[in-house]
Amino acid sequence: MREIFVLAEHRQGQIRDITFEMLTKGAELTEKTNTCLTAILLGKDAKKHAETLSTYAENVLLIEDERLENFNSEIYQKILSQLINKKKPLLTFIGHTSYGVDLAPSLATKLNLPLATDCIDLTFNGETLGVTRQMYGGKVNVKATIRKSESYIITVRQATFTAQKPTMNGEIIEIASPLSEEIPKTRFIKYLLPSSGDIDITAADIIVSIGRGIKDVSNKPIIEELAKTLGGVLACSRPIVDKGWLSSDRQVGTSGKTVKPKLYLALGISGAFQHILGMKNSDIIIAINKDPNAPIFNFANYGVVEDLFKVVPFIKEKIIELKSVRTQS
Amino acid sequence: MDIIVCIKHVPETAEAEIKIDRSGKAIEKTGLVFDINEWDDYVLEEAVRIKEKFGGTVTAITVNTEEANRTLRKCLARGADKAIRLTDTKFENSDGYAIAKILHSVIKDLSFDLVLTGVLASDDGYTMVGSILAELLGISHSTMVKKIEFGDGVARVNRELEGGLEEIVEVKLPAVLTIQTGINEPRYVSIMGIRKAMKKEIKVLSLADTGLSANEVGEAGSWLKIDELFIPPVEKQAEFFSGTPERIATKIAELLKSRGLI
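Heads up: these notes are all about the structure in this document. Keep in mind it's a predicted model, so treat the numbers as computed, not measured.

## Some remarks on helix α4 (residues 100–111) of chain A
Residues and elements named next belong to chain A.
Move 1: Across its twelve residues, α4 extends 16 Å between first and last C-alpha, which sits within 8% of the 16 Å expected from 1.5 Å per residue.
Move 2: Across the twelve residues that make up α4, a large majority, eleven, are buried.
Move 3: Residues of α4 that are buried: G100, V101, D102, L103, A104, P105, S106, L107, A108, T109 and L111.
Move 4: Just beyond α4, the residue with positive phi is N112, at close to 55°.

If you want it as C-alpha cells, here you go:
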C-alpha cells in the first residue's frame with residue numbers, strides 16, 4: 001500500500017504539536033486515497049517518541065543517530081531524499097515551521113518533486129492535489145493546484161488542523177542510520193533562550209497591544225497612558241519589535257509569547273496568523289483598525305473601523321470618568 | 001566579500017484594503033503603493049553593512065517589469081553597487097520555484113561569497129526562494145536568520161525558532177542566507193546616495209539571456225498554478241461599534257465596566 005509520510009518534529013526532548021496536527025490530517029487523507037500513514041522520526045534515543053507516534057500512525061519509521069539529536073536540514077535532507085526516493089509516498093507532510101522552511105524547499109528541489117508551502121487546506125481530486133494557502137499577510141486566500149506528480153511535498157501551517165485523540169496501534173520500524181562519515185557543511189551549535197524582560201505579559205489580565213498602525217514611535221506614549229489607565233500592560237505585534245520600539249519580551253505571536261488575558265485590546269494590528277496564534281484565546285478581544293477587512297476582525301469579539309488615534313484619547317477619558325463614578329458611589 | 005541580494009518589488013498591503021480583480025486570480029493593484037518587500041529592506045541593509053565592514057560588492061537582482069526600477073534605484077542609493085533586472089512576459093505567473101530558477105540562471109555565473117534573500121515576500125509568502133536557490137547552486141543555506149558573524153570560511157548565524165527561542169548554526173561559505181525582519185535597522189536613503197545611484201546602470205536581461213526554456217519559467221515551470229483568489233471566509237465576525245469616536249469610546253468603556261474590567 002502506498003504511504004502518506006508525516007515528518008515528526010521534535011526539539012529539546014519534546015514532540016512539537018504540529019506533528020500531531022499533521023498526523024490527524026494525514027489519517028483523514030489516507031481513508032480517501034487508500035494509503036497508509038507513516039510517521040518519520042529522526043532522532044537520538046527517540047524510542048519513547050516513536051511509541052507516542054505509533055498511537056497516531058500505522059507505521060513509524062525510526063532512524064536513530066547521534067547526529068540527529070538536534071534538527072539539521074542538511075542531514076534531514078540526506079535521509080529524507082533516500083526514504084522518499086525509495087518509498088515514493090503519495091504525499092509528504094512537513095511543518096511550515098522554522099525547521100520545515102529550512103528543509104522542504106531544498107528537499108523538493110533535490111528530488112524534483114513539487115512543493116506547496118504554508119498550506120491551510122488540501123484536497124485530492126483523483127491524483128491531482130489542490131491546496132489552499134494565504135497571500136498578502138492573510139488578507140487573501142488562494143486555491144492552487146500542484147503540478148501533477150507521483151509524489152508531492154507540502155508544508156502545513158501550525159495550528160491549522162486540530163489534533164485528535166490517538167486511536168492507532170502502529171508498528172515501529174527501526175532503520176539503520178544511512179549517514180556516512182562525511183562532515184556536513186552545516187552544523188548546529190546551540191540554543192539561545194529568550195531573554196526575560198522587566199514585565200511578564202503572559203501574567204497580565206489586561207493587555208493593550210500595538211501594531212504597525214501606530215505609525216511612529218512618538219505615538220507610543222499615548223498608548224502607554226491608556227494601558228496605565230486600564231491597569232494593563234503594553235504588548236505588540238512583530239513589526240514593533242522589528243523597529244526596536246518595544247523589546248522582544250513584549251511580542252505576542254508564534255515567534256514571541258502566547259497570552260490569554262481577560263482583555264486584549266489590539267490597536268492598529270492587522271492580524272497576521274502568527275500574531276493571532278498568540279492571542280486568540282483571550283477572553284475578550286477588541287480590535288481597532290482602519291481596514292474593515294483586516295483579519296483581526298475575524299477573531300475579535302468587538303471591532304472598531306476607525307483611526308485609532310481618534311478613538312484612543314476618548315477611551316482613556318471615558319474610563320477615567322467611569323472609574324471616578326465608581327469611587328464616588 | 002561579494003554579496004548578491006535578491007529583492008522583490010511588492011504592493012504595500014499591510015494597512016491597505018484589498019480587492020480581488022476581475023480575473024479572480026490576482027488582486028486589484030490600482031491605488032496600491034509599491035515598494036521594496038519588507039524583508040528585503042533588512043536584506044539590503046545587512047549586505048551593505050557586511051560590505052562596509054569587510055569590503056567587496058553588493059549586487060541587487062530582481063525579476064520584474066520596469067516598474068521595479070524604482071526599488072532597484074533605492075538599493076543602489078543605499079549602497080548596492082550593481083543592479084540586474086530580469087524581465088520577460090514569459091516570466092509572468094512564476095511561483096517561488098520558477099523565480100528561483102530564473103535567479104539561478106544569472107547568479108550561477110557571478111562570483112560571490114554570500115547570497116541574501118528575505119525569508120519570504122509579503123505578497124505570495126512562499127518562503128522558498130532562498131533555499132531552492134541554494135540547492136540549485138549546490139551550496140549550503142540557512143533560513144530565518146537574525147544575526148550573522150563570520151569565521152574562517154563559515155558564517156555563524158542565529159536562526160529564529162518558535163516562542164522566542166533561537167539556535168546558532170554554522171554554515172560553510174559560500175551560502176544562501178534568508179534574512180528575518182528585525183535583524184538590523186535599515187538606513188534612510190541619503191541625497192548623496194540618490195545622486196550616485198542615478199549614474200549606476202541597471203542591467204536588463206530577458207529569457208533568452210537566462211539559457212532557460214519557456215516551459216521552465218512562468219506557470220509552466222512552476223510547482224503551483226493559481227486557480228482562484230478569495231477573501232477568507234469569516235468564522236467569527238466581530239460585533240462592530242460605530243458612531244463618532246467619542247460615542248465608540250463610551251460603548252467600549254461601558255462594555256469594560258459591565259465585564260468588571262474597570
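Having seen the structure, we can now continue with the description.
## Comments concerning the sheet that holds strand β7 (residues 140–150) of chain B
Move 1: In spatial order, the strands read β12(A)-β9(B)-β8(B)-β7(B)-β10(B)-β6(B)-β1(B)-β4(B)-β5(B)-β11(B); together these ten strands make up an open sheet with mixed pairing. The open sheet terminates on both sides in strands that have one partner only, identified here as β12 (186–192) of chain A together with β11 (202–205) of chain B. Direction aside, neighbouring strands of the sheet carry axes that sit 35° apart on average.
Move 2: Pairing between strand β8 (residues 154–160) of chain B and strand β9 (residues 166–172) of chain B: seven bridges, direction antiparallel. Paired with A155 of chain B across the two strands is V171 of chain B, which belongs to β9 of chain B.
Move 3: In the packing of helix α3 (residues 96–107) of chain B onto the sheet, the strands contacted are β1 (3–6), β4 (58–63), β5 (82–86), β6 (114–118) and β11 of chain B, and the crossing angle to β4 of chain B comes to about 140°.

## Side note on the nonpolar core
All names here are of chain A.
Move 1: Membership of the largest hydrophobic core comes to 71 residues, with the highest contact counts inside it found for L91, F93, V131 and I154.
Move 2: With near-sequence residues (within four places) excluded, L91 lies in contact with E3, I4, F5, L29, L122, F124, L129, Y152 and I154.
Move 3: Core analysis: the next-biggest nonpolar cluster, separate from the first, contains 37 residues, I210, I214, I223 and I319 among them.

## Observations concerning the interface of chain A and chain B
Move 1: In this complex, chain A contributes 89 residues to the contact, which on the side of chain B involves 85 residues.
Move 2: Around 7800 Å² of area is buried between chain A and chain B when both sides are counted, 57% of it from carbon and sulfur atoms.
Move 3: When the buried area of chain A at its contact with chain B is split by residue, Y136, K185 and Y302 of chain A rank highest and sum to 9% of it.
Move 4: There are eight salt bridges connecting chain A and chain B.
Move 5: A salt bridge links E170 of chain B to R187 of chain A; the shortest N-O distance between them is 3.0 Å.
Move 6: Across the contact surface, chain A and chain B share 38 residue pairs in polar contact (both at pLDDT 80 or more).
Move 7: By residue number, the principal contributor to the side of chain A that touches chain B is helix α8 (residues 308–328) of chain A, which donates eight residues.
Move 8: Here the side of chain A that touches chain B is composed, by residue class, of 40 nonpolar, 27 polar and 22 charged.
Move 9: Note that β12 of chain A and β9 of chain B share six bridges and pair antiparallel. Note that in β9 of chain B the partner of T186 of chain A across the bridge is V171 of chain B.

## What to know about the environment of P89 of chain A
Residue and element names in this part refer to chain A.
Move 1: Within the secondary structure layout, P89 lies in the loop between α3 (73–87) and β6 (91–95).
Move 2: With 53 residues separating them along the chain, P89 and C36 place their C-alpha atoms 9.5 Å apart.
Move 3: Not counting the four nearest positions on each side in its chain, P89 is found in contact with R2, E3, F5, I84, E150, S151 and Y152.

## Some points on α3 of chain A
Residues and elements named next belong to chain A.
Move 1: A rise of 1.5 Å per residue sets the reference length of α3, with its 15 residues, at 21 Å; its end C-alpha atoms lie 20 Å apart and thus fit the reference within 8%.
Move 2: Residues of α3 that are buried: S73, E74, I75, Y76, Q77, I79, L80, S81, L83 and I84.
Move 3: Capping the start of α3, N72 holds a side-chain oxygen 2.9 Å from the backbone nitrogen of E74, two or three residues further along.
Move 4: Backbone geometry just downstream of α3 places K88 in the positive-phi region, at approximately 45°.

## Overview of the pattern of salt bridges
Residues and elements named next belong to chain A.
Move 1: What the rule picks out here adds up to 40 salt bridges over all chains.
Move 2: Between D121 and K25 there is a salt bridge; the shortest N-O distance is 3.6 Å. With D121 in strand β7 (residues 115–125) and K25 in helix α1 (residues 17–33), this pair connects stretches of sequence that are 96 residues apart.
Move 3: For D121, a relative accessible area of 31% puts it in the partly exposed group.
Move 4: Taking the shortest distance from any N to any O, the salt bridge between K47 and E174 comes out at 3.7 Å. Of the two residues, K47 sits in helix α2 (residues 47–54) while E174 sits in strand β11 (residues 171–175), which places them 127 residues apart along the sequence.

## Observations regarding the pairing of β4 of chain B
All names here are of chain B.
Move 1: With six of its six residues buried, β4 lies for the most part within the structure.
Move 2: Taking every second residue as pointing to the same face, both faces of β4 are buried, with V58, A60 and T62 on one and T59, I61 and V63 on the other.
Move 3: Alignment of β1 against β4, held across four bridges, turns out to be parallel. Among the inter-strand pairings, V5 is bridged to a residue of β4, identified as A60.
Move 4: In this structure, β4 lies alongside β5, joined through five bridges in parallel fashion. What sits directly across from T62, in β5, is R85.
Move 5: The parallel pair β4 and β5, bridged by helix α2 (residues 69–77), forms a crossover whose chirality is right-handed.

## So, a nonpolar patch on the surface
Move 1: A cluster of nonpolar side chains, namely V189, I191, I194 and M198 of chain B, defines an oily patch on the protein surface of about 370 Å² accessible area.
Move 2: Note that I191 of chain B resides in helix α5 (residues 191–199).

## A short note on the side chain of T19 of chain A
All names here are of chain A.
Move 1: Structurally, T19 can be placed in helix α1.
Move 2: For T19, a relative accessible area of 1% gives the class buried.
Move 3: At a separation of 3.0 Å, a polar atom in the side chain of T19 contacts the main-chain amide nitrogen of E9.
Move 4: Polar contacts involving the side chain of T19 include one to the main-chain carbonyl oxygen of R16, which spans 2.9 Å.

## A look at the packing of α3 of chain B against helix α4 (residues 129–137) of chain B
All names here are of chain B.
Move 1: Put simply, α3 and α4 touch, their axes get as near as 9 Å, and they point 45° apart. For the element pair α3 / α4, the angle class is oblique. In this structure, the crossing between α3 and α4 has a hand that is right-handed. Packed against α3, whose contacting residues are G96, Y97, I99, A100, K101, L103, H104 and I107, the element α4 presents V129, I132, L133, L136 and L137 at the interface.
Move 2: Residue composition of the contact of α3 with α4, by class: ten nonpolar, two polar and one charged.

## Looking at unusual backbone geometry
Move 1: Looking along the chain, the bond that leaves L173 of chain B and enters P174 of chain B is cis, with omega of 0°.
Move 2: Note on placement: P174 of chain B falls in the loop between β9 and β10 (175–179).
Move 3: Even without being a glycine, Q12 of chain A presents a positive backbone phi close to 50°.
Move 4: Looking at where Q12 of chain A falls in the secondary structure, it is placed in the loop between β2 (10–11) and β3 (14–15).
Move 5: With a phi close to 45°, K88 of chain A is a non-glycine residue in the positive phi region.
Move 6: In this structure, K88 of chain A sits in the loop between α3 and β6.

What counts and what doesn't
Residues numbered from 1 in each chain as written. Chains lettered and ligands numbered in written order. Predicted model: local features only at pLDDT ≥ 70, side-chain atom pairs only at ≥ 80, totals over all residues. Heavy atoms only, no water. Helix = DSSP H or I, 4+ residues; strand = E, 2+ residues; numbered from the N terminus. Expected span 1.5 Å × (residues − 1). Buried < 20%, exposed > 50% of the residue type's maximum accessible area, 1.4 Å probe, protein only. Pairing = 2+ DSSP bridges. Axes fitted to C-alpha atoms, helices over the stretch in contact; angles between N-to-C directions. Contact = heavy atoms within 4.5 Å. Core = buried A, V, L, I, M, F, W, Y, C linked by side-chain atoms within 4.5 Å. Buried area = accessible area lost by both parts, 1.4 Å probe. Salt bridge = Lys/Arg side-chain N within 4 Å of Asp/Glu carboxyl O. Polar contact = N/O pair within 3.5 Å; in protein donor to acceptor, adjacent residues only side chain to side chain. Nonpolar A, V, L, I, M, F, W, Y, C, P; charged D, E, K, R; others polar. Right-handed = clockwise from strand over helix to strand, strands pointing away. Patch = residues over 30% accessible without salt bridge, like charges linked within 9 Å, V, L, I, M, F, W, Y side chains within 5 Å. Areas by Shrake-Rupley, 256 points an atom, 1.4 Å probe, with all protein chains shown as cover. Parallel < 35°, antiparallel > 145°, perpendicular 65-115°, else oblique. Left-handed = near helix turned anticlockwise from the far one by under 90°.

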